[in-house]
Each structure stands twice: as structure tokens, then as C-alpha cells.
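So the chains spell out like this:
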Number of protein chains: 2
Amino acid sequence: MSSLSADPQSITVDLGQRSYKIEIGDELLPQIGGRIAELHPGSRVVIVTDETVNGLHGDTVRHSLADADIASATVVVAAGEKSKSFADLEFVVDEILAAGMERGDVLVALGGGVVGDLAGFAAGITRRGMNFVQAPTSLLAQVDSSVGGKTGINTARGKNLVGLFNQPSLVVADTSVLNTLSDREMRAGYAEVAKYGLIDRPEFFEWLEANHAQVFAGGPARAHAVALSCQAKADVVKADEFEMGSRALLNLGHTFGHALEASVGYDSQRLVHGEGVAIGMVLAHEFSARMNHCGPEAAERVVAHLKAVGLPTTIDEIPGEPLQLQQLLSAIAQDKKVQRGALTFILTRGIGQSFVAKDVPASEVEAFLQLKLAA
Amino acid sequence: MSSLSADPQSITVDLGQRSYKIEIGDELLPQIGGRIAELHPGSRVVIVTDETVNGLHGDTVRHSLADADIASATVVVAAGEKSKSFADLEFVVDEILAAGMERGDVLVALGGGVVGDLAGFAAGITRRGMNFVQAPTSLLAQVDSSVGGKTGINTARGKNLVGLFNQPSLVVADTSVLNTLSDREMRAGYAEVAKYGLIDRPEFFEWLEANHAQVFAGGPARAHAVALSCQAKADVVKADEFEMGSRALLNLGHTFGHALEASVGYDSQRLVHGEGVAIGMVLAHEFSARMNHCGPEAAERVVAHLKAVGLPTTIDEIPGEPLQLQQLLSAIAQDKKVQRGALTFILTRGIGQSFVAKDVPASEVEAFLQLKLAA
């Protein structure tokens, strides 16, 4: 651990003309005004945030902008996944226009994944695209939604079915703001950190097995985990920005996870995204074993690690009414990873050896889920 | 005229990876299925159209798709500018998802500019972007909105303030379907044809002065005018796809025109887009003369030609309550061509010699419009 630096780290997401930097470290939010003044001189800023984050960090950002002589307006939505809706999108766009923002001005998405997805989408369509900076305030957003440019909203037919690929011009990931997260939010974000190990970095998964307590505690181990996660995602995104192939690896655990979230009606009291991903990653490893791609020990190791950090690992840990098989199957069929009717899943040959499996028979998925629901 | 060909013409909009063809000629709509099968083999199609166009041409397209063994669904919106709304966008996206369309499937925008703008936007955000073919059925759409990839909707704060740059993979401009247009629609589209002459092709404007009757009558002269307009727009778009500079020339007449449309509340009984552009082009030439960029004879020639084809050329020809100066000025200030508070207009040094004028003093615009409203 002595080799980990406490200095801010910078990762470049290399996408040609759309390249941008992710800056990671403690106490970066108070410096955001200066960074924006450098990148977009003369621009005004509209902060899009939610009620909770605005109360915690809104003034920090506004003061930093004011110190850099940047005029700003703030648009506030309700906290929670329900804000990823057409109604909220229209509200945010209208407020940005009401504030007189122009194409050269900057939208700062200050918040977790919901704010980032909604605000990034709004930035992409307001005046056919304005500048956009991500200031993710949850661990989930810092390691996942802030990298790769996916933005969007949910509809009654599923999660993230409407949106854009829209790359920000900068991501400011202040790791000290994570101290304001609840344990549950921190754990949920951690599921995505573990995911990068499980996709293709077995040594990172091993490091997490040994060091997860320090990641939760904060300081250099946390910044290291965030930076390594961002780098892992940036590498995948660079290879396949528009998700024509290998980028699908990032969906490890997500097809099952999204189906679980849809089945509880996106009720975050029952299940937040990262918890769905945690259970989904376990299911993906168990399903891989069932399909003879790997032995049972990979899933056992995933279960042990996720349990150690306090994440759920089985469907029956989701509180409330038991989930229904048909609901799960129809959510999977509607999932955006379906191509021409065939089911695509991310399966694995072991820890850190995931792959894109096309043409997975729906009957196998059904039989597997039937077993898991009966368990 | 004997040199004009009756064969279909093809123009390439050269935008690198986003390049596409515009096919122009009589009776192309009955061949659209075969063209889509070539471009996007194995894909399904969702046709987005309006009630009027669906009644006139929907079956032609559906039969052509069926003949090419392409499964299709149809989404129908109300005819008219009011359909460029958030509510209609949500409706269209939801219907596309309800029809089970996937990212590799194709949206065909069958209709005029409203359908093209709305459907092109929907194609760009459904599943973060599906394939998209424009089948423009109005002269306005064939020569303007089908080229260049601008899509979008209106909000209470102005026209086209929300949208995307989203290039289609093909444009099928069937010049025989223009026979189903009313005289008023045909004239409105013609305003944009004349615009290309006025921007930078004085010899084309001269040709139109001599041949406008044949363009209205149909046949080779019409296809020639459509093809030359598409080529003119493609050249401008190629030089500046994302409207950072010279593309603004396409807005000749549009800042005034949009303000007129906004002032009548987008009431198409009183003013359609092309009529607003016609009056706007006259105003742009008159304002250029007032600002000493050209003499009065350019505006006189524009007025004479637009009158000859039956287009309005003065604000007081707009039926209903007289327009108010403050409404016009506030619409201009809200226009998307405003950059950091300074007014940008397209002005001209004479027929076919337009240029982008930045920092036009708002006081000059106000004094000019005050005069025109008092006239």
C-alpha cells in the first residue's frame, strides 16, 4: 500500500477529437471553476444536480465558479432513478433555455449516475449540443457512468432505452465527496469496481479481495481503485465507442441486473443499480458454470467477495414480494442487448475471463432462472 | 432545357464515415424497399409519417417494403408543426420500442420537414441511435431538411432549440410525389430553392428567374432544381457539418423568418416556414442595403422573383393581427444563432453574395424592424 500516491491522478479517455480527461483525487470539487475557465474560457455554466447533492455540494461548486468569474445557474431535479424520465428531460432542457444558455456554454452534471445520465442527455440535445462536464459524486458514477459517454433516460419499456452517446469535455472525480455517501450507496458503487476485475483484470480482483476495507475507508487505496476502474473502462470504450462489439463486456452482470431492477419497478428501496449488478454478476458466473464455460469455484469466489463487502448475492435477498419468472424473462427480452431476437449475454471462463456470448438459447436462461427463483 | 436529364440523379453528401446519398427523380418511392434491403440487409423498418402523407403515400412504401421481404410497422403523428413537440417525440419513441425495433433496424421518415425533424431526432435517441432513411415528400424537405442532418423539435422558447445532428444513411427524394402538394406548399418549398441562388449561386438564381414555371410544372426542370439545391446545401454542410461557422449561411432569411413564425405562434394558417423565409430573405436584403453592404436593387430583384412565384414579400401580407416589434425582437434574441449576446445575421453584398455578419447591433435591427412594421 505504501506505493499508492495521494496526489490527484489523471486518466485520458482517448477517443480522437472526442478525447477527454478524468481527474481523480481528494478535494477537486473546490477547484472546478478554474478547470472550466481553462477549458472553456468565457463560457457560463448551468449546474444540473439533484436536491440531495445540491444541499451537500452545490455551494462548493457555485463558490468555485464565482471565484473563477464564471456566471452560473442551477437546475435541481428530485433525487432518485425516477428523474430519468421524459418529463424531467423536458424540464431540464427548458430550464437551461430559460437561463439563456447558448451552445458555447457549459453544463456541469453534479451528482450520481441518474444526474449524469439525465444531464448528459440534456446537454447533447439542447441547442443540438452544448459543452458538458461530469462531476460525479457517487462511487458508481465515478467508476461507471462518468466514463464512456452513455447518457439517457428510462421509459416504461425499460432502462436506458432512450439516450445518446455524448462524451463530456472533462470529468472531475472528487474522491473525498464519497465520504458523504451512505454505506449502501458506497457498496452499490463498489459492485462496479469489482466488475472491472471480473471482466479482464484478475489481479485487480485479487487486490480488491485483500484491500476492500481500505477502499471503503478512503484515501490513496480508494483513489487507486477509482483510477484503475476508470482506466479499465476507458480501455474498453476506446476499443468500441459505439458498442458494436467488445464494449458489451461492460454489461457483465447487467442483463440479469437490469431485469431485476425492472421487476421491482426501479424501486430503490428494494434494489439499487449496484445491488442488481452484484446479484447479476453472481448469476452470470453461475450461468456460465451451468453452460460449462467455467467451474463452480469462480462463482463461489465472487459470492464470497461481494458478501465480504456487504452486497446481496441472491435474488431472494431482495426485500418485498418474490420476483416472477415471466417478468424477468420479458425484461431480458426487451433489454437493449438483444440483437435480432437472439439473446446476448456476457459469460465467463473464470475470474477476469469474461466474453460476449451471442445466441444464448432463451430456454436455457429460463430454466436457469426458474431454478434460482425456486431456490 | 433540352440538356436536362429525366433520369434519376444521385448526390453524395461527403461527410467521411457519415457520408450518404441523396437519390432524386420521379417514381423513386415505389423502389424504396429494394434500396433499404441493399443498404441494411436483414433489418426491419418502422415508418414514421403524418396522417396526410400516410394516406397519400404510406401504402406505396409499405408495398415496396413487403415486396423486398422487409417487415414494417407504421407510427403516425398529426400533420403540422405542432407535432414537433416533446410529447410527440415521447410518443414516437415509445411506439418504435413497442414495435420491438432494435438498433440495427431502420426508421424511415416519410413526410415533410416536420416529420423529418421529429423522426430523425427520434431515430437518433432510440436505443442511442438506430438507422435512419429520409423519404421527404415536400419540396421544402427535399431541398432543405433532408440534407445536413439537423433534426429537432420546438419548445415554448423557440423553434428547433432541442435536437441533434443526425445524418441519415440514405435520402430518397421522389420528385413525382410533389404533384400531391398544394400550390401553397410548393411555393413555400420554392423559397428555399431560391435561397441557394441567393447564398452563393447567382447563375442559379438567374436560371430560376427564367425557369420557375417549369420547376412548378414538374419533370426534368423540377428534378434539376431539387438536385442543384441539394448539391448546394451538401457543399455548405461538408465545409461545416456542426455549424461552427460558414454553415450559418444556410440561415439566410431564417433569423427574420423564425421570428415571424414565432410571432404568429407557429400558426400555419397565417404563415408557413417557407413564407417566413421568403419575407425573411427580402428583409435580409433590405437590411443589408440599410447597413450599406449592397444597393437597393438586390432586394428589388428578390422581391420581383418571389412575387412572380406567388410568395409573400412583406410582413403586412401575413394575415391576422399586426405583429408586435417587441415579440419579434425577443424571438430574435432567443434565436439559436445568438452567440454570447451578440446578434449574428446572414447579410449580403448582392445576389449570390451572402456572408456571416457577427456583432450586428441590436439597435440597428430594432430601428429597421420598426420602420418595416410602420410601413
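Residues numbered from 1 in each chain as written. Chains lettered and ligands numbered in written order. Predicted model: local features only at pLDDT ≥ 70, side-chain atom pairs only at ≥ 80, totals over all residues. Heavy atoms only, no water.

Some remarks on the overall build of chain A
Link 1 in the chain: Counting its secondary structure elements, chain A contains 13 helices and eleven strands.
Link 2 in the chain: The C-alpha radius of gyration computed for chain A amounts to 20 Å, which stays within 12% of the reference 21 Å derived for 375 residues, consistent with globular compactness.
Link 3 in the chain: C-alpha extents for chain A along the principal axes are approximately 60 × 50 × 40 Å.
Link 4 in the chain: Going through the 375 residues of chain A one by one, you find that 61% of them count as buried.
Link 5 in the chain: In chain A, the share of contacts with a sequence separation of at least 24, taken over all contacts with a separation of at least 6, comes to 75%.
Link 6 in the chain: For chain A, the centre of its 31 positive side-chain charges and the centre of its 45 negative side-chain charges are spaced 6 Å apart. (Helix = DSSP H or I, 4+ residues; strand = E, 2+ residues; numbered from the N terminus. Rg over C-alpha atoms; globule rule 2.2 N^0.38 Å. Buried < 20%, exposed > 50% of the residue type's maximum accessible area, 1.4 Å probe, protein only. Contact = heavy atoms within 4.5 Å. Lys, Arg positive; Asp, Glu negative; His and termini not counted. Charge placed at Lys NZ, Arg CZ, Asp CG, Glu CD.)

A short note on the relation of the copies chain B and chain A
In this structure, two copies of a chain are linked by a rotation about an axis accompanied by a shift along it.
Link 1 in the chain: For the pair chain B and chain A, the relating rotation is 180°, the translation along its axis is 0.0 Å, and the fit reaches an RMSD of 0.0 Å. What the rotation and shift describe, once combined, is the action of a two-fold rotation axis. Closest approach to the rotation axis within chain B is made by the C-alpha atom of B:Phe86, at a distance of 4.0 Å. (Least-squares fit on C-alpha atoms with pLDDT ≥ 70 in both.)

Brief notes about the sheet that holds strand E3 (residues 45–50) of chain B
Residue and element names in this part refer to chain B.
Link 1 in the chain: What the seven strands build is an open sheet, ordered E1-E2-E9-E6-E5-E3-E4; its pairing is mixed. The sheet terminates laterally at strand E1 (9–13) and strand E4 (72–77), the two strands that pair on one side only. Pairs of neighbouring strands in the sheet enclose a mean axial angle of 20°, with direction left out of account.
Link 2 in the chain: Against the sheet, helix H2 (residues 51–67) touches E3, E4 and strand E5 (106–111), its axis set at about 160° to E3. (Pairing = 2+ DSSP bridges. Axes fitted to C-alpha atoms, helices over the stretch in contact; angles between N-to-C directions.)

Quick notes on the packing of helix H9 (residues 254–263) of chain A against helix H12 (residues 325–334) of chain A
All names here are of chain A.
Link 1 in the chain: Where H9 contacts H12, the axes come no closer than 8 Å and their chain directions differ by 125°. By the angle class used here, H9 and H12 are oblique. For the crossing formed where H9 meets H12, the hand is right-handed. Only Gln 327, Leu 328, Ala 331 and Ile 332 of H12 make contact with H9, whose side of the interface consists of Thr 255, Phe 256, Ala 259, Leu 260, Ala 262 and Ser 263.
Link 2 in the chain: Partitioning the contact of H9 with H12 into residue classes produces seven nonpolar, three polar and no charged. (Parallel < 35°, antiparallel > 145°, perpendicular 65-115°, else oblique. Left-handed = near helix turned anticlockwise from the far one by under 90°. Nonpolar A, V, L, I, M, F, W, Y, C, P; charged D, E, K, R; others polar.)

Things to note about the domain arrangement of chain A
Residue and element names in this part refer to chain A.
Link 1 in the chain: Taken domain by domain, chain A comprises domain 1 (9–180) and domain 2 (183–374).
Link 2 in the chain: Computed over C-alpha atoms, the centres of domain 1 and domain 2 are 26 Å apart.
Link 3 in the chain: Taken together, the contact between domain 1 and domain 2 spans 29 residues of the former and 29 residues of the latter.
Link 4 in the chain: Broken down residue by residue, the surface that domain 1 buries against domain 2 is led by Leu 139, Val 143 and Lys 159, which jointly contribute 21%.
Link 5 in the chain: Counting every contact that joins domain 1 to domain 2 gives four salt bridges.
Link 6 in the chain: For the salt bridge of Asp 14 with Lys 238, the shortest nitrogen-to-oxygen distance reads 3.1 Å.
Link 7 in the chain: Linking domain 1 with domain 2 are ten residue pairs in polar contact (both at pLDDT 80 or more), by the criterion used here.
Link 8 in the chain: Elements that contribute at least two residues to the side of domain 1 that touches domain 2 include exactly strand E1 (9–13), strand E2 (20–25), helix H5 (139–145) and strand E8 (158–165).
Link 9 in the chain: Counting residues per element, the side of domain 1 that touches domain 2 draws most heavily on H5, which supplies six residues. (Domains from an automatic or database assignment. Buried area = accessible area lost by both parts, 1.4 Å probe. Salt bridge = Lys/Arg side-chain N within 4 Å of Asp/Glu carboxyl O. Polar contact = N/O pair within 3.5 Å; in protein donor to acceptor, adjacent residues only side chain to side chain.)

Regarding the environment of A:Leu29
Residues and elements named next belong to chain A.
Link 1 in the chain: Of note, Leu 29 is situated in the loop between E2 and helix H1 (32–39).
Link 2 in the chain: It is 7.9 Å that separates the C-alpha atoms of Leu 29 and Ser 64, two residues lying 35 residues apart in sequence.
Link 3 in the chain: Ignoring any residue separated from it by four or fewer positions in sequence, one finds Leu 29 in contact with His 57, Thr 60, Val 61, Ser 64, Leu 110, Ala 135, Asp 174 and Val 177.

Some points on the pairing of strand E11 (residues 354–360) of chain A
Link 1 in the chain: Two strands pair when backbone bridges link them, and strand E10 (residues 343–348) of chain A and E11(A) are joined in this way by five bridges, in the antiparallel orientation. Bridge pairing in E11(A) links A:Ile346 to A:Val356.

A word on the sheet that holds strand E3 (residues 45–50) of chain A
All names here are of chain A.
Link 1 in the chain: Spatially, the seven strands line up as an open sheet ordered E1-E2-E9-E6-E5-E3-E4, and their pairing is mixed. Sheet topology places E1 and strand E4 (72–77) at the edges, where each strand pairs with a single neighbour. On average, each strand axis in the sheet is tilted by 20° relative to the strand beside it, whichever way the strands run.
Link 2 in the chain: As defined by bridge partners, E3 adjoins strand E5 (residues 106–111) across five bridges and the pair is classed as parallel. Following the sheet pairing, Thr 49 is matched in E5 by Leu 110.

Here we look at the side chain of A:His285
Residue and element names in this part refer to chain A.
Link 1 in the chain: If you trace the backbone, His 285 turns up in helix H10 (residues 273–290).
Link 2 in the chain: Residue classification places His 285 among the buried positions, given a relative accessible area of 0%.
Link 3 in the chain: Setting aside anything within four residues of it in sequence, one finds His 285 in contact with Leu 198, Leu 252, Cys 294, Ala 298, Ala 299, Val 302 and Thr 348.

Looking at the environment of A:Thr49
Residue and element names in this part refer to chain A.
Link 1 in the chain: The residue Thr 49 is located in strand E3 in this model.
Link 2 in the chain: Of the residues examined, Thr 49 reaches a relative accessible area of 0% and is grouped as buried.
Link 3 in the chain: Here the alpha-carbon distance between Thr 49 and Val 76, two residues 27 residues apart in the chain, equals 5.1 Å.
Link 4 in the chain: At 2.7 Å, the side chain of Thr 49 and the backbone oxygen of Leu 110 are in polar contact.

Here we look at the interface of chain B and chain A
How large an interface is tends to be reported as the accessible area lost when its parts come together.
Link 1 in the chain: If you look at the interface, chain B gives 40 residues, while chain A gives 40 residues.
Link 2 in the chain: Here chain B meets chain A over a buried area of about 3,300 Å², counting both sides, of which 48% is carbon and sulfur.
Link 3 in the chain: Taken together, the connections running from chain B to chain A amount to two salt bridges.
Link 4 in the chain: A salt bridge links A:Asp94 to B:Arg157, with the nearest nitrogen and oxygen atoms 3.3 Å apart.
Link 5 in the chain: Taken together, the connections running from chain B to chain A amount to ten residue pairs in polar contact (both at pLDDT 80 or more).
Link 6 in the chain: Sorting elements by how many residues they give to the side of chain B that touches chain A places helix H3 (residues 86–98) of chain B first, with seven residues.

Points about helix H7 (residues 202–217) of chain B
All names here are of chain B.
Link 1 in the chain: With 16 residues, H7 should cover 22 Å at 1.5 Å per step; its first-to-last C-alpha distance of 23 Å lies within 8% of that length.
Link 2 in the chain: The largest bend along H7 reaches roughly 75° and is located at Asn 211.
Link 3 in the chain: Among the residues of H7, those classed as buried are Phe 204, Phe 205, Trp 207, Leu 208, Asn 211, His 212 and Val 215.
Link 4 in the chain: On its buried face, H7 sits against helix H6 (183–200), helix H8 (220–239) and helix H11 (296–308).
Link 5 in the chain: Positive backbone phi, approximately 105°, marks Gly 218, located one or two places after H7. (Expected span 1.5 Å × (residues − 1). Bend = angle between axes of the 7 residues up to and from the residue.)

A short note on the packing of aromatic side chains
Link 1 in the chain: Taken as a whole and assessed by the stated rule, the structure comprises 16 aromatic pairs over all chains.
Link 2 in the chain: With 6.1 Å between their ring centres and 15° between their planes, A:Phe204 and A:Trp207 make a pair best called stacked. A residue pair is termed a helical-turn pair when its members lie 3 or 4 positions apart in one helix, as A:Phe204 and A:Trp207 do in helix H7 (residues 202–217) at three residues. When sorted by exposure, A:Phe204 lands in the same class as A:Trp207, which is buried.
Link 3 in the chain: Plain terms: the ring middles of B:Phe165 and B:Phe242 are 5.3 Å apart, the flat faces sit at 85° to each other, and that makes the pair edge-to-face. With a gap of 77 residues between them, B:Phe165 in strand E8 (residues 158–165) and B:Phe242 in the loop between H8 and helix H9 (254–263) connect regions that are remote in the sequence.
Link 4 in the chain: Overall, B:Phe242 belongs to the partly exposed group, its relative accessible area being 37%. (Phe/Tyr/Trp six-rings, centres within 6.5 Å; stacked < 30°, edge-to-face > 60°.)

A short note on the packing of helix H10 (residues 273–290) of chain B against helix H13 (residues 362–374) of chain B
Residue and element names in this part refer to chain B.
Link 1 in the chain: Across the interface, H10 lies against H13 with an axial gap of 11 Å and an inter-helix angle of 120°. In terms of their interaxial angle, H10 and H13 are classed as oblique. As for how H10 packs across H13, the hand of that crossing is right-handed. Residues Leu 283, Glu 286, Phe 287 and Arg 290 of H10 lie in contact with H13, whose contacting residues are Glu 364, Val 365, Ala 367, Phe 368, Leu 371 and Lys 372.
Link 2 in the chain: Grouping the amino acids of the contact of H10 with H13 by side-chain chemistry returns six nonpolar, no polar and four charged.

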